[in-house]
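One letter stands for each residue in the lines below.
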Amino acid sequence: MNRRRSGSRRHPDPRSQPVPDGYWSLPAASLLAELRSDAGGLSHGEAAARLRRQGPNSLDTAKRATALVLFVNQFRSPLVLILIFASIISLVAAEWIDAGVVLAIVFGSTLLGFAQEYIAGAAIEKLRSKVNIHSSVVRDGQARTLPSSRLVQGDVVLLSAGSLVPADGVVLEAKDCFVNQAVLTGETFPAEKKPGVVAAKAALAERGNSVFMGTSVSSGTARMLIVQTGKATVFGQIAGKLVLRPPLTEFESGLQRFGFLLTRVMLVMVVAVLAINIFVAKPPIDSLLFALALAVGLTPEMLPAIVSITLSHGAKRMARLGVIVRRLNSIENLGSMDVLCTDKTGTLTAGVIELDAAVDVAGQPSAAVLRLAGINARFQSGLANPLDEAVIAATKKADMDLGPVQKVDEIPYDFVRKCLSVVAVDGADPAGGRRLITKGALDKVLALCTSAGIERAALDAATRERIEARFEEWSGRGYRVLGVASRAVEERSGSYVRADEQGLNFAGFLLFMDPPKADARQALVDLAQRGVQLKIITGDNHKVARYVAAALDLRDASVMTGRELNELGDGALLHAAARTTVFAEVDPNQKERIILALQKTGHVVGYLGDGINDALALHAADVGISVDTAVDVAKEAADFVLLRKDLGILRKGIDEGRLTFSNTLKYILTTISANFGNMFSMAVASVFLPFLPLLASQILLNNFLSDIPATAIAGDRVDPEWLARPRRWNTAFIRDYMVLFGLLSSLFDLLTFAALLWVFQAAPEAFRTGWFIESLLTELVIALVVRTRRPFYRSRPGNWLLISTVAVMAIALALPYLPFSSIFGFVPLPAPLMLGMIGLTLAYVFAVELAKKWFYARAGNENK
């Protein structure tokens, strides 16, 4: 980290308390004095004063734009700038009315987009506030849980496995504390953190006494002193760069490709129309305005607002279902998801784990084994987990008194050892003295043992074989089996370490049962009907995982263990991952490998997890899903947070994602097909007509009026078949759709031209008025027709879409007869001409229905 010296202090944030340069090189006592704090933490009043002075412990990069900024951003659109440029040209040419009309329409469209986006943004911020990261902080000598944003310099924070480090600081106390700081240093493995001092010039990775915002505790516990908060942290200083280019979602990539397609079409059309009109000696200013209006008319300029509104509506509906959206643009990815990877505990199983039995080496119930397990579970200070809670509940049910027990030390759990040890003195033990009690995965515990049973018989091959046979039997019946072992240890003043976990005596087994949920089988059927394949990824024994899969009717499920996975290269895993349903006995890095392999084979992958070991997979997945009770590092990595760990809720969330995708695509298909047809017709007509077929102000008014019902598409109803399978962006499909229905629209425009010129012999003003009405009516009705694959009369549109469409159609029909219509160049139409335009519109609806049936039959199931 670069440091700027100014005497012996630095001030990266003027609101912060002055901090010594190289604070990691100072003794903890000196640093506590500098920050006017102590090991008991700050008082509540002092912390509140510092919070007011220093501001929240957060990064400004995630702040929501103010109303003024959001309004100004509406004018950053290239389309809006083109229109303003055209208006300036009109002013220079003294075309005051044209300039005024164009500016009025631009302002109206901008105001509409601003209002919708502001309301949508406010709703999303309210939802996001429901999922906050919290920290355990010592205030007035007492530990309490507070939002991390309220922490200040001088606070003392308690860290444990799964904690996100909330700010930069130094370690005051630590017990086997390992921190994953790859986000800052790129280190593959977690770094151990201990109290002490390091050199002032030590690099970030060398500061073994310091912890940093954005990193996470992998194992162990620690007590830290906060030195820097918010933007003054190392993470805060680089956060702007980290969020500068977040990876595009599948839908965003599709929008980008669509934009490139539209830009090419628009440029060709504008240049060609402008050149031809100038070549045939039409007024250059009118020709330029006409060409620019064509460009604007072709483009779905309300698309950004429609996307924001649709996503906002989707997020609010999902919140009502119990799904909080943390990253708005991931909603469409949820709808596109075709593979869901999940652990079984709490998702497929009840999640209410009970200790079914504590048994000795012979498989007989044993109070001694339960007491050893109870001491281990009661006095471990790492991450709370349901297995330990089940053990403690069992000791209480057995009226087992752990009061005489005194904890001496602890060797925390980690995902390599897969076990946890507590050193304690049990006053009820006749032998007295200190005892190291280890509980964990059976194979890991057995590897530390040299004897077994009350008699402490040698753990020979025959005994080991009998133990493993019982394990296999219980696992096949769905039990999760842990081992318990212990040994007497000598007294010492220093800490006990992992090397002390040897020469243990195997005491017995703990049998836990977590039965499948009653509704899990139906949830899997519902997901399968929606084209979502479920894969179980668990650290549990493969026999337990196979039992759960069979109980859920996944009877032909293929199972791969972590050991087998390690033997596969990346290429082989690509093939194996798609064919495997259950991955068991896997570690966090293997979970990430599985996710990446599935993505490389073309799947949109979701991952549902709530533990420390799920963070890597949540980051790697296209859709990261966690739960409200998850550890902080898992919630921070997730795109969605479920208020309940329930596949039923997730299924509803998937439906909402598909609904959101569907309504966004509806707007694009509706607008681009109608716009392309109308603009192509005007481009052709401008060449052969002795006058412009529509004035620039009329084109823009047409566009503005058609955008009003378009905003209601965000709340439109969706046909069930749209929800039946994952949706992926298909630019070729949109291109073909635009060309077919655009050319069909142009065909009816040409029929309209012929009727106006040769049947009704309309003058230029009547021609423009008649075609304005016909083109607007067709664009409005096309929205009701192409919004569904069904015949339009068999799919009911949303109430607001229907009401706004009928209202704008009424305005269109009344517009030529209003007093101010002459400002736009309209004239009243005779009744036969008006009826002719309405008749052509009805014929157009019939033709579009026939074309739609042919198009979807040709496209097959590509976009049902």
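The rules behind each value
Throughout this description, residue numbers start from 1 for each chain and increase along the sequence as written. Totals for whole chains, interfaces and linings use all residues, but because this is a predicted model, local features are given only for residues with pLDDT of at least 70 and pairs of side-chain atoms are given and counted only at 80 or more. As a rule here, side-chain values come from all non-hydrogen atoms in the structure, and water together with hydrogens is ignored. What makes two strands pair is DSSP finding at least two bridges between them. Note on conventions: DSSP H or I runs of at least 4 residues are helices, E runs of at least 2 residues are strands, and numbering of each starts at the N terminus. For every residue, the accessible area obtained with a 1.4 Å probe (protein chains only) is divided by the maximum for its type, and the residue is called buried under 20%, exposed over 50%, and partly exposed between those limits. Nonpolar core, defined: a set of buried Ala, Val, Leu, Ile, Met, Phe, Trp, Tyr and Cys residues in which side-chain atoms within 4.5 Å join the residues together. Between the rings of Phe, Tyr and Trp (Trp by its six-membered ring), a pair exists once the centres lie within 6.5 Å; its type follows the angle of the planes, with under 30 degrees stacked, over 60 edge-to-face, and the other angles tilted. Any carboxyl oxygen of Asp or Glu within 4 Å of a side-chain nitrogen of Lys or Arg constitutes a salt bridge here. In this tally Asp and Glu are treated as negative and Lys and Arg as positive; neither His nor the chain ends contributes. By the criterion applied in these results, polar contacts are pairs of N or O atoms within 3.5 Å in which, for protein atoms, one can donate a hydrogen and the other can accept it, and in which residues neighboring in sequence qualify only through two side-chain atoms. Lines fitted to C-alpha atoms define the axes, with helix axes restricted to the stretch in contact, and inter-axis angles between N-to-C directions lie between 0 and 180 degrees. Any angle from 65 to 115 degrees is called roughly perpendicular, while one under 35 is roughly parallel, one over 145 is roughly antiparallel, and all others are oblique. A contact between two residues is defined here by any heavy atoms of the two lying within 4.5 Å. Residue classes follow a fixed rule: Ala, Val, Leu, Ile, Met, Phe, Trp, Tyr, Cys and Pro count as nonpolar, while Asp, Glu, Lys and Arg count as charged, and any other residue, Gly among them, counts as polar. In this scheme, patches are assembled from residues that exceed 30% relative accessible area and form no salt bridge. Like charges are connected within 9 Å, while nonpolar side chains (Val, Leu, Ile, Met, Phe, Trp, Tyr) are connected within 5 Å. Only the protein chains shown count as cover for residues, with accessible areas throughout obtained via the Shrake-Rupley method and a probe of 1.4 Å. Whenever a pair of cysteine sulfur atoms sits within 2.5 Å, that pair is classed as a disulfide.

Observations concerning the pairing of strand β4 (residues 142-147)
- In this structure, strand β3 (residues 134-139) lies alongside β4, joined through six bridges in antiparallel fashion. Each bridged residue has a counterpart across the sheet, and for His134 the counterpart in β4 is Pro147.
- Hairpin geometry of β3 and β4 is characterised by an intervening segment of two residues between the two adjacent antiparallel strands and by a positive phi of about 55° at Asp140.

Description of the pairing of strand β11 (residues 339-342)
- Residues Val339 and Cys341 of β11 are buried on one face, and the alternating residues Leu340 and Thr342, pointing to the opposite face, are buried as well.
- Pairing of β11 with strand β20 (residues 533-537) involves four bridges; the strand directions are parallel. Counterpart to Thr342 in the pairing with β20 is Ile536.
- The pairing of β11 with strand β23 (residues 605-608) spans four bridges and is parallel. Along β23, the bridge assignment pairs Cys341 with Tyr607.

As for the nonpolar core
- By size, the foremost hydrophobic cluster in this structure holds 60 residues, and its most contacted members are Leu334, Leu340, Ile625, Phe640 and Leu647.
- With 38 residues, the next largest nonpolar core counts Phe676, Val845, Ala847 and Val848 among its residues.

Looking at the packing of aromatic side chains
- Inspection of the entire model under this criterion finds 17 aromatic pairs.
- Judged by centre distance (5.0 Å) and plane angle (70°), the rings of Tyr23 and Trp24 are edge-to-face.
- Both rings, one in Phe691 and one in Phe767, keep their centres 5.4 Å apart while their planes meet at 75°; by these two values the pair is edge-to-face. Separated by 76 residues along the polypeptide, Phe691 in the loop between α23 (647-688) and α24 (696-710) and Phe767 in helix α26 (residues 764-786) bring together distant segments of the chain. Of the two residues, Phe691 and Phe767, both sit in the buried class.

Examining the pattern of salt bridges
- Scanning the entire structure with this criterion turns up 25 salt bridges.
- In this structure, Glu410 engages Lys407 in a salt bridge whose closest nitrogen and oxygen atoms are separated by 2.6 Å.
- Salt bridges here are not isolated pairs; linked through shared partners, they connect Asp526, Arg530, Arg651 and Asp655.

Considering unusual backbone geometry
- A positive phi angle, close to 55°, is found at Asp140, a residue other than glycine.
- Along the chain, Asp140 falls in the loop between β3 and β4.
- Notably, Lys418 is not glycine yet its phi reads approximately 55°, a positive angle.
- Structurally, the position occupied by Lys418 is in the loop between β13 (405-411) and β14 (419-426).
- Overall, Lys418 belongs to the partly exposed group, its relative accessible area being 22%.

Some details on the side chain of Arg434
- Here Arg434 is to be found in strand β15 (residues 434-441).
- Buried charge without a partner: Arg434 forms no salt bridge, and the closest opposite charge is Glu491, 4.5 Å away.
- Looking at Arg434, its side chain comes within polar contact range of the main-chain oxygen of Arg492, at 3.2 Å.

Some points on the packing of α26 against helix α27 (residues 799-814)
- The interhelical angle for the contact between α26 and α27, taken along N-to-C directions, is 170°, at an axis separation of 10 Å. What the angle tells us is that α26 and α27 run roughly antiparallel. Along the contact surface, α26 presents Ile773, Leu776, Leu777, Leu780, Val781 and Leu784, while α27 presents Leu801, Leu802, Thr805, Val808, Met809, Ala812 and Leu813.
- Of the residues in the contact of α26 with α27, the class split is twelve nonpolar, one polar and no charged.

Quick word on a nonpolar patch on the surface
- Together, Ile276, Phe279, Val280, Val687 and Phe688 give the surface a local cluster of nonpolar side chains, amounting to about 530 Å² of exposed area.
- Residue position: Phe688 is located in helix α23.
- In this structure Phe688 comes out as exposed when scored by relative accessible area, which is 68%.

Notes on the state of the cysteines
- Inspection of every chain in the model, using the stated rule, returns zero disulfides.
- The thiol sulfur of Cys419 is not disulfide-bonded, and the nearest other cysteine sulfur, from Cys449, lies at 9.8 Å.
- The exposure class assigned to Cys419 is buried, which follows from its relative accessible area of 1%.

A word on the side chain of Ser451
- Note that Ser451 resides in strand β16 (residues 449-452).
- Reaching out from Ser451, the side chain makes a polar contact with the side chain of Asn505 at a distance of 2.7 Å.
- Once you skip the residues sitting within four places of it in the chain, Ser451 turns out to touch Arg456, Ala457, Ala458, Leu459, Leu504, Asn505 and Phe506.

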